[in-house]
Structure formats: structure tokens, C-alpha cells
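Chain and residue survey
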Amino acid sequence: MNWNRRIQALAGTVALAMATGFPVAAQVPPTGPGIPGNPVSPSQIGDTSAIAREAQGWLVDLIKINTSNPPGNEQIAAMYLLGVLAKDGIKAEILDMTPGRSAVVARLRSAAVANPSKALLLVAHLDTVPVEKGRWTVDPFGAVIKDGYLYGRGAIDDKGMLAANLAAFISLKRSMARLNRDVIFLATDDEEGGGDASIRMLIAKHWDKFAAGFAINEGGNVFLKNGKVQYAGVQADEKVAYNIAVIARGTSGHASQPTKDNPVTHLAAALARIGNYSAPVHFTSIVRRYFEGLAVLEDDDIGKWMRSMETTDRGEHAQRVISDASPLWNAMLRDTVAPTMLTAGVANNVVPAEARANLNVRLLPGDLINGVVNDLNKLVNDPQVRLEVQPNAGLASPSSSLESEFYGVISKVVSQEFGGAPALPFQSTWLTDSAQLRLHQVQALGLVPFPLTQEDLKRMHGDDERIPLASFAKGVDVLSKIVVEFAVAH
Ligand SMILES: [Zn+2]
């Protein structure tokens with residue numbers, strides 16, 4: 001949808017809102033009863049300890065609502081959010097996607113007529129990945145608090161962020177601060193599945209309800225190392241996912257008389273070669289700036305190699321040292337290929353006619369899948385084996401600006417709040433809803449604002465996911481400050 005059509009669609013929404021009595025000027029001081037809380041002045045909004053305690057309660061409740069995807073069942077969580085927002089006089093809207101799956105949108109207005117190009121979107125997803133219950137030491141949906149941690153599926157990804165967004169949004173409403181831009185709260189569905197209830201479809205159906213110029217979402221993290229924040233990685237771009245089927249064909253027959261064209265052995269040989277593949281290093285401007293910033297923070301040895309990666313004499317060696325030091329760094333520097341699934345055979349004593357594997361490929365922004373396919377074909381070099389790029393690949397999106405006022409505000413608040421630790425631009429190796437937003441001209445930046453160790457980050461999508469309660473409260477505070485700094489008229 002082009003910009004003009006978006007503006008027209010929005011003008012229609014405002015007219016409708018006025019006609020139905022939807023609070024167009026939600027930020028005017030309350031004149032009647034029923035407005036809870038003690039209004040604070042904008043200067044006092046910095047004290048977020050009370051709202052952080054409330055937000056912890058919302059996070060507990062959200063964890064207890066099982067939104068494992070599939071099937072998601074986000075509608076129940078959506079209704080819960082509707083109730084929380086209503087308590088503060090915020091009229092949210094439920095956007096039904098598919099049966100049982102609904103997104104939520106709510107808006108604090110800065111003016112009677114919305115200016116979508118200025119609006120700030122706070123986005124988080126309602127669904128979580130499933131659990132392997134037997135591998136957890138606590139009930140994944142019990143929201144157990146133990147040793148200063150809150151345990152549960154979604155504690156970090158992404159119900160923690162959802163609760164923090166809610167806290168920043170509600171505290172802004174309570175402050176009655178005058179806004180210089182609309183602030184929109186959006187809870188999305190099916191982020192983990194990317195299907196018919198996902199942000200792609202949400203944008204297609206309801207873009208006019210949350211069109212914005214800026215967004216803060218998951219995607220980046222605050223990295224805690226040796227008890228203090230080392231840096232905040234602010235996600236400004238992400239890699240693009242593809243799947244490639246590796247298909248080996250041969251003659252089926254009796255396993256008692258094997259032949260050399262057995263597709264299982266041909267597939268295995270192809271995968272062994274693919275497993276050793278390492279794509280060439282390619283620096284995007286975000287990755288270059290990330291390593292420049294990180295080199296200063298790492299120990300002397302690692303820092304030295306980070307700075308040498310683009311030198312002519314030691315570059316190749318430096319790239320190898322850095323890639324070997326961290327799977328994340330390796331994946332930030334190059335396209336990656338990971339075999340993830342194998343299928344072959346119908347019985348123990350039958351040689352099958354076909355054997356298949358799936359390769360999950362993550363491309364750097366700007367790289368083309370054909371480049372990887374050509375490299376792999378050369379490597380496999382077997383007429384019995386064919387590579388097939390699968391449909392439904394991720395979409396390449398433009399990166400968000402590192403020169404914008406928005407990026408500047410996040411950098412400033414991060415540095416102030418984390419004892420001088422810098423914000424570094426981050427290109428995530430994983431996918432987020434931000435790619436779809438960036439394709440709609442949104443300056444989306446990713447920052448899960450909770451300081452977390454590598455050990456806790458690894459539990460996302462894993463067992464015993466948990467968030468330190470102190471980190472959660474700190475993240476609520478930091479996110480609220482970012483929103484106030486960017487959206488409150490000074
Ligand atoms: Zn997530």
C-alpha cells in the first residue's frame with residue numbers, strides 16, 4: 001500500500017473514531033471520575049518502581065495464559081490485555097485474525113488528526129514457542145518465582161517485552177504528559193509461526209490502525225557480562241531466512257542387493273560436504289560498526305582481531321579467529337547453512353528411491369540465494385542430488401537508520417541508564433516482525449531492554465526460560481524513559 005492510500009485510510013479512521021466517541025484526545029487532563037491513579041507531572045515519570053511491580057503481575061498473568069504456537073490461542077491473552085488497558089481508561093481494539101487468534105491495538109493521541117509518519121509503535125508478540133514440559137524443572141506456565149527469577153515460557157520472549165511495553169504505555173497515559181507524536185501499543189500474533197495470523201496479514205488487513213514511522217520491538221538485547229552491562233545491541237536489520245531441499249534420487253530395490261546409486265548414501269555424502277561449507281565474509285555497514293564498537297569493550301586479544309578483520313595482510317586470519325570465538329559473530333559475518341531435517345526410507349529392508357534433507361539458510365541483507373545455491377551445487381557435484389529453493393522465504397527489508405533522532409534517543413538513554421555502556425547497532429541472525437514493518441517504511445529498532453547474561457539468553461526457545469526480576473524492573477524503567485524521551489513534548 002502506498003503512502004497516499006495510507007493517509008486516506010487513516011483520515012477515515014479518525015472520522016469514524018470521532019463519530020463513535022472513541023477518545024480522540026486521550027491525553028487531555030481528565031475532567032470526571034473514574035480516572036485511576038495519582039496524576040504525575042512529566043518530570044516525575046522517571047520513577048517507575050511502582051509500575052514495574054504492577055508490570056511483574058501482568059507478566060505473571062500472561063505466562064499463565066498458555067499461548068504456545070501452534071496453536072497460539074492468542075485471543076485469550078488479547079482479552080486479558082484489553083482488560084488491563086480498560087482499567088486505565090484506555091480503549092483498546094481487538095483485531096481478529098483467524099479463529100482463536102487476535103491482535104490488540106491501542107493508541108495515545110498527540111493531536112486530533114493522526115500523523116502516522118511520526119507515530120511510535122510499541123510492538124511485542126503474544127505467542128510463544130512450545131515447551132518440552134518434561135525437560136523443565138518447574139511448570140512452564142506456572143510463573144514460578146524462585147531465587148530472584150520469574151520462570152515461564154515467554155518470560156523473555158516475548159511476554160517480558162509485552163509487559164514492559166504495557167507499562168511504558170500505561171505510565172505515559174497516567175502521566176497525562178503532552179505528546180509530540182502518537183504512541184501506539186500493538187500486540188501481535190503468530191510471530192513464531194509467520195502464518196495467516198502473523199504481522200504480514202495484520203498489516204495487510206489493518207495497517208491503518210497502527211501505521212507508524214517508528215517502532216520499538218524485540219530483536220536486540222542488553223548483554224550482561226561479569227555482573228555489568230557490556231553493551232546494548234540495538235537491532236537495525238536482520239538476516240533473511242530461506243529453506244533449501246536437498247533431494248537425492250536413485251533406484252529403489254531390495255536391501256539385500258545394494259547398488260552404488262543408493263540415494264541415502266548420496267544424500268549423506270552431499271550433507272557432509274555442505275556441513276563443511278563456510279560462505280565468504282561480507283561486511284554490512286551495521287556489522288562493521290558493531291565490531292568497531294565491540295572491539296573497545298572486549299579483551300585486548302579479541303579486540304585486536306576484531307580491528308584486523310578488514311586488513312589485507314591479517315584479515316583472513318582475523319575473520320577466522322572471530323568466527324571461531326562465537327557462533328553469533330560467525331553468523332553476523334556471513335551467510336550460513338544449517339541442515340535441519342532428514343527424511344528417507346519406508347522400511348528397514350527397502351532401499352528408497354528418494355532421500356531428502358532440509359537446509360535452513362540465513363542470508364546477510366543484500367545477499368542473494370542463488371549465490372549460495374551455486375556454491376553448494378559446486379560443492380556437492382553429484383548428478384543424483386538436486387537443490388531446490390523452497391517457497392515462503394523471508395523478505396529482505398531495508399535497514400533502519402543509525403543516524404535518526406530515534407536511534408540517538410535509544411543510545412542516550414541506554415548509556416545513561418547502564419553506567420555508560422554503549423548502544424551498538426546490531427544485525428540479528430534471527431527474524432523478527434520488524435522486517436515486515438521496515439518494508440512499510442517504519443524505522444523499527446529492536447531492543448529487549450532487560451540486562452541478561454548469555455546463560456539466560458540461551459534459555460529463550462529452550463528449557464527453564466526465566467527472567468531475573470531485577471532485570472525486568474530495570475528494563476521497564478529503561479523502556480519507559482526511551483518512550484518519554486522520544487514521545488513527550490519537552
Ligand atoms: Zn520473540
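Right, let's walk through the structure included here. (Residues numbered from 1 in each chain as written. Predicted model: local features only at pLDDT ≥ 70, side-chain atom pairs only at ≥ 80, totals over all residues. Heavy atoms only, no water.)

**Regarding the overall build of the protein chain**
Secondary structure summary: the protein chain contains 15 helices and 17 strands in total. On C-alpha atoms alone, the protein chain measures out to a radius of gyration of 25 Å, which is about the 23 Å that the 2.2 N^0.38 rule sets for 490 residues. Put simply, the protein chain has 490 residues, and 54% of those count as buried. Long-range contacts, defined here as pairs at least 24 residues apart, represent 80% of the contacts in the protein chain between residues at least 6 apart. Taken as a whole, the protein chain presents about 21,100 Å² of accessible surface, with 53% of it coming from carbon and sulfur. Computed over 46 positive and 50 negative side-chain charges, the inter-centroid distance for the protein chain is 2 Å. (Helix = DSSP H or I, 4+ residues; strand = E, 2+ residues; numbered from the N terminus. Rg over C-alpha atoms; globule rule 2.2 N^0.38 Å. Buried < 20%, exposed > 50% of the residue type's maximum accessible area, 1.4 Å probe, protein only. Contact = heavy atoms within 4.5 Å. Areas by Shrake-Rupley, 256 points an atom, 1.4 Å probe, with all protein chains shown as cover. Lys, Arg positive; Asp, Glu negative; His and termini not counted. Charge placed at Lys NZ, Arg CZ, Asp CG, Glu CD.)

**Quick word on the layout of surface pockets**
Approximately 1,600 Å³ is the volume found for the largest pocket. As for the largest pocket, its lining consists of 48 residues, of which Ala 241, Arg 362, Trp 430, Leu 431 and Thr 432 are closest to the centre. Per-element tally for the lining of the largest pocket: the top contributor is strand β7 (residues 214-225), with 5 residues. (1 Å grid on protein atoms, 1.4 Å probe; cavity = no way out; pocket = protein on both sides within 12 Å on 5 of 7 lines; lining within 4 Å. Points joined across faces, edges and corners; volume = space filled by probe spheres on them.)

**Describing the pairing of strand β13 (residues 354-363)**
Working note: regular strand, side chains alternate between the two faces of the sheet. Counting buried positions along β13 gives 7 out of 10 residues, so the element sits mostly inside the fold. Pairing between strand β9 (residues 240-249) and β13: 10 bridges, direction antiparallel. Counterpart to Arg 249 in the pairing with β13 is Glu 354. Pairing analysis gives 8 bridges linking strand β11 (residues 336-344) to β13, with the strands arranged antiparallel. The partner of Thr 336 across the bridge, within β13, is Arg 362. (Pairing = 2+ DSSP bridges.)

**Things to note about the sheet that holds β11**
The strand order across the open sheet formed by 4 strands is β11-β13-β9-β14, and the pairing between neighbours is antiparallel. Both edges of this open sheet fall to β11 and β14 (385-389), since each of them pairs with a single strand only. The mean inter-strand angle of the sheet, taken between neighbouring strand axes irrespective of direction, is 25°. The sheet contact formed by β9 and β14 spans 5 bridges and is antiparallel. Residue pairing for β14: Ile 244 is matched across the bridge by Val 389. Across the sheet, helix α6 (residues 263-275) is in contact with β9, β11, β13 and β14; its angle to β13 comes to roughly 20°. Taken strand by strand, helix α11 (residues 369-380) contacts β9, β11, β13 and β14, and its axis lies near 170° from that of β14. (Axes fitted to C-alpha atoms, helices over the stretch in contact; angles between N-to-C directions.)

**Description of the nonpolar core**
Counting residues in each nonpolar core, the largest one holds 98 residues, and the members touching the most others are Leu 81 and Leu 85. If we skip the residues at most four places from it in the chain, Leu 81 touches Leu 62, Val 104, Leu 126, Leu 162, Leu 166, Phe 185 and Ala 187. Core analysis: the next-biggest nonpolar cluster, separate from the first, contains 24 residues, Val 361, Leu 363, Ile 369 and Leu 387 among them. (Core = buried A, V, L, I, M, F, W, Y, C linked by side-chain atoms within 4.5 Å.)

**Observations regarding the coordination of the zinc ion**
Reference values for angles at a metal are 109.5 degrees in the four-donor tetrahedral case and 90 or 180 degrees in the six-donor octahedral case. Taken together, His 125 (NE2), Asp 157 (OD), Glu 218 (OE) and Glu 218 (OE) make up the protein donors of the zinc ion, found 1.9 to 2.7 Å from the metal. Site description for the zinc ion: donor spacing in sequence, H-x31-D-x60-E. Here His 125 is found in strand β3 (residues 120-125), whereas its partner Glu 218 is found in strand β7, with 93 residues between them in sequence. In this pair, the class of His 125 matches that of Glu 218, namely buried. (Donors = N, O, S within 2.8 Å, 3.2 Å for Na, K, Ca; no water.)

**Topic: the environment of Ala 338**
Along the chain, Ala 338 turns up in strand β11. The exposure class assigned to Ala 338 is partly exposed, which follows from its relative accessible area of 35%. Setting aside its immediate chain neighbours within four residues, Ala 338 contacts Asn 358, Leu 359 and Asn 360.

**Thoughts on the pattern of salt bridges**
The final tally for this structure, using the stated rule, is 25 salt bridges. The salt bridge partner of Glu 310 is Arg 288, with a shortest N-O separation of 2.8 Å. Of this pair, Glu 310 sits in the loop between α8 (300-308) and α9 (315-325) while Arg 288 is found in helix α7 (residues 285-297), placing the two residues 22 residues apart along the sequence. For Arg 288, a relative accessible area of 32% corresponds to the partly exposed category. In this structure, Asp 456 engages Arg 459 in a salt bridge whose closest nitrogen and oxygen atoms are separated by 3.8 Å. The class for Asp 456 is buried, based on a relative accessible area of 2%. (Salt bridge = Lys/Arg side-chain N within 4 Å of Asp/Glu carboxyl O.)

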